[in-house]
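These are the residues of each chain, in order.
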Amino acid sequence: QVQLVESGGGLVQPGGSLRLSCAASGSIFSINHMGWYRQAPGKQRELVATITSGDSTNYADSVKGRFTISRDNAKNTVYLQMNSLKPEDTAVYYCNAFLSTTRWGPRLNYWGQGTQVTVSS
């Protein structure tokens, strides 16, 4: 069984910073890419940033230059450093990992439970 546990969300003023963490645990053989998605009230879930096992990154245009994704492969952990936060960044942020639990098994998508980020004065 695989679990993804996020932490680091909260309330921050516009222009402030937050750092999200997501640790994957359980029966993991290898993790391909990890990422962060978000869902605001009344909107569809959208990609924020992804990072491959080789540290190639991809960002949504709306967060480029403000957010930085990184990972610690030894800890199966992915981070999202969020700077210059705006009210429109308010959403539930979900961690995602594309991984396999056995050497020859399929890679599947796993999701965390989500952490709330609220940007407001």
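Use the structure listed above.
Since we're looking at a predicted model, the values are computed, not measured. (Residues numbered from 1 in each chain as written. Predicted model: local features only at pLDDT ≥ 70, side-chain atom pairs only at ≥ 80, totals over all residues. Heavy atoms only, no water.)

Right, let's talk about the sheet that holds strand β8 (residues 77-82) for a bit. The 4 strands lie next to each other as β1-β3-β8-β7, forming an open sheet whose pairing is antiparallel. Sheet topology places β1 (2-7) and β7 (67-72) at the edges, where each strand pairs with a single neighbour. Sheet twist, expressed as the average angle between the axes of neighbouring strands with direction ignored, equals 15°. As defined by bridge partners, β7 adjoins β8 across 6 bridges and the pair is classed as antiparallel. By the bridge assignment for β8, Phe 67 is matched with Met 82. (Pairing = 2+ DSSP bridges. Helix = DSSP H or I, 4+ residues; strand = E, 2+ residues; numbered from the N terminus. Axes fitted to C-alpha atoms, helices over the stretch in contact; angles between N-to-C directions.)

Right, let's talk about the state of the cysteines for a bit. Counted under the stated rule, the structure contains 1 disulfide. Across the disulfide, Cys 22 is cross-linked to Cys 95 (sulfur-sulfur distance 2.0 Å). Its S-S torsion of about -80° marks the bond between Cys 22 and Cys 95 as left-handed, since a negative value means left-handed. Here Cys 22, found in strand β3 (residues 18-26), pairs with Cys 95, found in strand β9 (residues 91-100); they are 73 residues apart in sequence, far enough to count as distant. (Disulfide = S-S within 2.5 Å.)

A few words now on the pattern of salt bridges. Under the definition given, this model contains 4 salt bridges. A salt bridge links Arg 38 to Asp 89, with the shortest nitrogen-to-oxygen separation between them at 3.0 Å. Placement of Arg 38 in strand β4 (residues 30-39) and of Asp 89 in the loop between β8 and β9 is noted, with a sequence separation of 51 residues between them. Given a relative accessible area of 6%, Arg 38 falls into the buried group. Asp 89 gets classed as buried once you look at its relative accessible area, which sits at 0%. With a shortest N-O distance of 3.1 Å, Asp 61 and Lys 64 are connected by a salt bridge. Shared partners join several salt bridges into a network, and the residues in it are Arg 38, Glu 46, Arg 66 and Asp 89. (Salt bridge = Lys/Arg side-chain N within 4 Å of Asp/Glu carboxyl O. Buried < 20%, exposed > 50% of the residue type's maximum accessible area, 1.4 Å probe, protein only.)

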